[in-house]
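Each chain, written out:
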2 protein chains.
Amino acid sequence: MNAPQPKAQNKAPKNAISPTRAENYAQWYQQVVKSSDMAEMSGVRGCMIIKGWGYGAWELMQRDLDARFKATGHDNYYFPLFIPLSYFQKEADHVEGFAKEMAVVTHHRLSVKDGKLMPDGELEEPLVVRPTSETVIGEAMSKWIKSYRDLPVLLNQWANVVRWEMRPRILLRTAEFLWQEGHTAHETFEEAMAETRQMHEIYRQFSEEVLAVPVVSGEKPANERFPGAVNSYSIEAMMQDGRALQAGTSHYLGQNFAKSIGIQFQGREGAVEHVHTTSWGASTRLLGAIVMTHGDDDGMRMPPRIAPQQVIIAPIVRSDADQKAVMDYCEALKDELGALSYAGLPLRVRVDKRDMAGSDKRWEWIKKGVPLLLEIGQRDITEGKVCVTRRDKLAEGKKFLLRADFIASVVGELKSIQDGMFEAALAFQKARTVTNITTKAEFDAYFSKDADNSFVGGQGFVRAKWSGDPASLKLLDTHAVTIRCVPFDQDGKEGKCVLTGAPATQDVIFARAY
Amino acid sequence: MNAPQPKAQNKAPKNAISPTRAENYAQWYQQVVKSSDMAEMSGVRGCMIIKGWGYGAWELMQRDLDARFKATGHDNYYFPLFIPLSYFQKEADHVEGFAKEMAVVTHHRLSVKDGKLMPDGELEEPLVVRPTSETVIGEAMSKWIKSYRDLPVLLNQWANVVRWEMRPRILLRTAEFLWQEGHTAHETFEEAMAETRQMHEIYRQFSEEVLAVPVVSGEKPANERFPGAVNSYSIEAMMQDGRALQAGTSHYLGQNFAKSIGIQFQGREGAVEHVHTTSWGASTRLLGAIVMTHGDDDGMRMPPRIAPQQVIIAPIVRSDADQKAVMDYCEALKDELGALSYAGLPLRVRVDKRDMAGSDKRWEWIKKGVPLLLEIGQRDITEGKVCVTRRDKLAEGKKFLLRADFIASVVGELKSIQDGMFEAALAFQKARTVTNITTKAEFDAYFSKDADNSFVGGQGFVRAKWSGDPASLKLLDTHAVTIRCVPFDQDGKEGKCVLTGAPATQDVIFARAY
């Protein structure tokens, strides 16, 4: 099985994850995150711990994205975690967008008062823990930029940010998360818009090529823009319950921040002008996106390009006499595999030497979703073989390959797993995207049928005409549906708005979203 | 000139940095950081901005250290930024050590009150912005560890931390800084101590091999231990004003945190025991250390292994007719250099195409400390040559080499620069380490002579006998001197304490410190 589809019921396999996707998708998600050991909620309200297997995938995402950012001329910087309240107040829309979810530092020490440890040393001006850094980076740019010769400024920051979420959901919506935020300043609208679109396209390529997550690429409607932006663009992925997940955004901020902060330059003709700025970001919620795109009823399935380990070798030792020969064989295999490369990096291979029952170890790695699992015992050595399990074809079970044949084919296998995961997710997205809904009645019927969404027979994306009238958006509230984006691949044909019947030319994506 | 020594006065060169080291070391440091564009203080009190050239060096440090951590079995995790007050209270020494410098979050939103934006939504329990993560990671470990089979736990975190410094100094002591903190849990004292010492040794190797910063490696005296630690080890580097800078620390925490937090496991014999923990860290203050170790009166000198660019190619275009040929020659040179490797990584080479005066560009790169600067004009192309400036031999001026000869020698040149910088810094450290002071009178005379320390003729490390009597430490206060460490390479001979005359066997390093 390599498609994220429900298993045929007549097989009735015992699944490693309970509940299954069909039984309860939300609980299935929590279980996969937990049993894959990717992350867990901490004892600190709303904050998570990203564990080794999840952080390892994040590091590989970072490495790939970072190379794409550097190849397009961006340097990494680091700006303060704390933002004075006064910085936020300069851009009205921006502060309004974030005020409800800001962690605020008010004191700078602890002291014992009445026998109790209490905050002390009140700050003159409260400091906000950054929810995003447009303001603090804008302040710096306003000092650095004097002339058109100083432009463009192209920078990126890898950082933690805090948004106080009232209903946290692990990896998707937590009080603190990790991300990168790119911030650039340009001389002209055209340059800034080209940058905005370039970075948006980088996210699309990254998502599809590296995460094996297909996306719809488009512009956000006005009501879904980033607070303070002129245009916002996003990539929207479809989870296996049909909901959308925004997987990366890129914003053209116009001269809004430049004017409120005062980021000016002397132009080529001598006049003082305001820069045009952009910002763009992707976060650790991508870890949630890969779980909900690729996981199945046996747990996580890691796309090979971001799998912290691509091959796990589990030695099966049945007696002390076997021990050394098995371990030596496994280590030699690991060294030989580690000398190979896939997608420009050496293969990531680990020998799992832990002393535990073989079947427990096997299921642990299946739940973590390692692409290839090798189990090696004395008999395999005698026969010159390796026992291989392909995580994306678990139903096919173990295969016994000649060692040399395995080595010769392993890179191709990883590529086949990566490509297969993308193709399966794309097929799912296409199957759950409805394009023949043209009336409000059909629209209501579609989204009423399955208000919670579900894995089997649940709803997905409705691609339909919309007039662009903001007033029509209130018709979506009963379904908790939003317009995810206006996809770039418009057909341009005239039609009627699916919500109001008014004349409409643009196609949009309607969906429930994470 | 490749030693960090004052220039011969009779040459009277015009220096790029004013004041020079000899004129005012503290101000020279600020100027080098600023003019190298490595970092600057932000508008947020005590917080800095690490700019592209500084952050690029930090990324290379991270990459190298991270590989060493992974090679010794550590995985990266990420833990919450916020730590509930109650976590800190469990370990008395620990909270006492950090209470005076903690940023405290007390509210989770902003609201308009009386027309003014104010903190709102007071938290039930204040959250401390992590100054270090022993407590929050210990809480997690207490849930993860059940049996000796779960041990060791070997993890590391790359993160920002906050310590509210009253007298910030850029890169060295700021309210927020970046670091890595390793945290491990072990079954036995022996294993935990072996880990502590292993990581300490990794820092030493990294500092000397990669940063070209020689260090004294040893154990901290009791009064200088990390709050809550049983043993603390550090590497101590000597800056060019003779002061010590602690460049990495590794702590054996005993069972202190395990007992206060409750990190227990079922041992091999069935009894419930407390784990032994360690922690170890290095931070962005290493960027300050390389400035003060390698900088000279013309600015920064980047050790090649952490130089964000190892070779800068500056095209010298004197006419529009030259333009294309010069740029093509430079790009081709860049590609050819980029195909070479040094220290396991492709050469980092950039063509600086900015439209600015050649001499301004030249001095900008000298102040940034790029190891090799190439200036290429039409005449060089005609002659098949490159014009090379070696930053560590600036006094030798430009050299004109045949292009092929330069390509053939460039990796060797980088190695020679790296090695030369280390050798020069080691010679400086040795020259400024005094080993013949045996009495309090001599000691007082030595540290009284130059209470502020200085570059020329300033003081440095005094290596002398110390009794170990804590009461004797107060004798150091008048000089603002501390015991930096008890070096590992003890002679073991009996002698008299330099402070009190009491019998003493151990050699220690006395110095002023950053």
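The rules we used
- Residues numbered from 1 in each chain as written.
- Chains lettered and ligands numbered in written order.
- Predicted model: local features only at pLDDT ≥ 70, side-chain atom pairs only at ≥ 80, totals over all residues.
- Heavy atoms only, no water.
- Buried < 20%, exposed > 50% of the residue type's maximum accessible area, 1.4 Å probe, protein only.
- Helix = DSSP H or I, 4+ residues; strand = E, 2+ residues; numbered from the N terminus.
- Pairing = 2+ DSSP bridges.
- Contact = heavy atoms within 4.5 Å.
- Axes fitted to C-alpha atoms, helices over the stretch in contact; angles between N-to-C directions.
- Polar contact = N/O pair within 3.5 Å; in protein donor to acceptor, adjacent residues only side chain to side chain.
- Arc of directions from axis to C-beta.
- pLDDT = per-residue confidence, 0-100.
- Least-squares fit on C-alpha atoms with pLDDT ≥ 70 in both.
- Lys, Arg positive; Asp, Glu negative; His and termini not counted.
- Salt bridge = Lys/Arg side-chain N within 4 Å of Asp/Glu carboxyl O.

*Asks:* How do you make sense of the pairing of strand β20 (residues 385-390) of chain A when you look at a structure like this?
*Replies:* Residues in a regular strand point their side chains to alternate faces of the sheet. All names here are of chain A. β20 sits mainly inside the fold: 5 of its 6 residues count as buried. Here strand β19 (residues 372-376) pairs with β20 via 4 bridges, running antiparallel. Residue pairing for β20: L372 is matched across the bridge by R390. Pairing of β20 with strand β21 (residues 399-402), which is carried by 4 bridges, proceeds in the antiparallel orientation. In the strand pairing of β21, C387 is matched with F400.

*Asks:* Honestly, the sheet that holds strand β3 (residues 75-76) of chain A in this entry has me stumped. Any pointers?
*Replies:* Note on sheets: strands pair through backbone hydrogen bonds, and any given pair is parallel or antiparallel. All names here are of chain A. Read across the open sheet, the 11 strands follow the order β3-β7-β8-β14-β11-β10-β9-β24-β27-β23-β22; overall the sheet is mixed. Edge positions in the open sheet fall to β3 and β22 (433-434), since each of these has one partner strand only. Pairing of strand β10 (residues 231-238) with strand β11 (residues 244-254), which is carried by 8 bridges, proceeds in the antiparallel orientation. When the sheet's bridge partners are listed, A237 is paired in β11 with L245. On top of the sheet, helix α2 (residues 52-71) reaches β3, β7 (153-162), β8 (176-186) and β14 (276-283); it is set at about 160° to β7, its chief contact. Contacting β7, β8, β11 and β14, helix α5 (residues 134-144) crosses the sheet at an angle of about 30° to β8.

*Asks:* Would you explain the environment of A:S147 in this entry?
*Replies:* Residue and element names in this part refer to chain A. Among the secondary structure elements, S147 is positioned in the loop between α5 and β7. In sequence terms S147 and L211 are 64 residues apart; their C-alpha atoms lie 40 Å from each other. Apart from the residues within four sequence positions on either side, S147 is in contact with F265 and Q266. Of the polar contacts made by the side chain of S147, one reaches the backbone nitrogen of R149; its length is 2.9 Å.

*Asks:* Hey, could you run me through helix α1 (residues 25-35) of chain A in this one?
*Replies:* Helical geometry: 3.6 residues make up each α-helical turn, so side chains three or four residues apart lie on a common side. All names here are of chain A. Taken together, the buried positions of α1 are occupied by Y25, W28, Y29, V32 and V33. Down the axis of α1, the smallest arc covering the buried residues is 130°, so these residues share one side. In the core, the buried residues of α1 are packed alongside β1 (39-41) and α8 (285-294). Where α1 starts, the residue carrying a side-chain oxygen 3.2 Å from the main-chain nitrogen of A26 turns out to be N24.

*Asks:* Looking at this model, I keep getting lost on the confidence of the model for chain A. Mind explaining?
*Replies:* Low pLDDT means the predicted atomic positions in that stretch should not be read closely. For chain A, per-residue confidence averages 94 on the pLDDT scale, and residues scoring 70 or more make up 97% of the total. Across the assembled chains, the prediction reports ipTM 0.95 with pTM 0.95.

*Asks:* I would appreciate a short explanation of the sheet that holds strand β22 (residues 433-434) of chain B in the present structure.
*Replies:* Residues and elements named next belong to chain B. Taken together, the 11 strands give an open sheet; going across it, the order is β3-β7-β8-β14-β11-β10-β9-β24-β27-β23-β22, and neighbouring strands pair in mixed fashion. This sheet does not close on itself; its edge strands, each paired only once, are β3 (75-76) and β22. Where strand β8 (residues 176-186) meets strand β14 (residues 276-283), 8 bridges bridge the pair, whose relative direction is antiparallel. Opposite A185, over in β14, you have T277 as the bridge partner. Running over the sheet, helix α8 (residues 285-294) touches β10 (231-238), β11 (244-254) and β14 and is turned about 145° from β11.

*Asks:* Quick question: what am I supposed to make of the relation of the copies chain A and chain B here?
*Replies:* The operation relating the pair of chain copies consists of a rotation about an axis and a translation along that axis. When chain A is fitted to chain B, the residual RMSD is 0.0 Å, and the transformation amounts to a turn of 180° plus an axial shift of 0.0 Å. Expressed as a symmetry operation, the mapping of one chain copy onto the other fits a two-fold axis. Among all residues of chain A, the one whose C-alpha sits closest to the rotation axis is A:V105, at a distance of 2.1 Å. Of all interface residues in chain A, 100% are interface residues in chain B too; the two copies therefore contact each other through one and the same surface.

*Asks:* So what exactly am I meant to see when it comes to the side chain of A:E176 here?
*Replies:* Within the secondary structure layout, A:E176 lies in strand β8. This buried residue, A:E176, is left without a salt bridge; B:R130 holds the nearest opposite charge, at 4.3 Å. Here A:N160 takes part through its side chain, which lies 3.1 Å from a polar atom of the side chain of A:E176. Within the structure, the side chain of A:E176 is placed 2.4 Å from the side chain of B:Y78, a separation counted as a polar contact. With sequence-adjacent residues up to four places away left out, A:E176 is seen in contact with A:G46, A:C47, A:M48, A:N160, A:V161, A:V162, B:Y78, B:F79, B:P80, B:L81 and B:R130.

*Asks:* Got a minute to help me understand unusual backbone geometry in this structure?
*Replies:* In this chain, A:S18 is followed by A:P19 through a cis amide linkage whose omega measures 0°. Checked against the element boundaries, A:P19 lands in the segment before α1. Omega for the peptide link from B:L151 to B:P152 comes to -5°, which places this bond in the cis form. For B:P152, the location among the structural elements is in the loop between α5 (134-144) and β7 (153-162). The residue A:D37 is not glycine, and still its phi comes out positive at about 60°. Structurally, A:D37 is set in the loop between α1 and β1.

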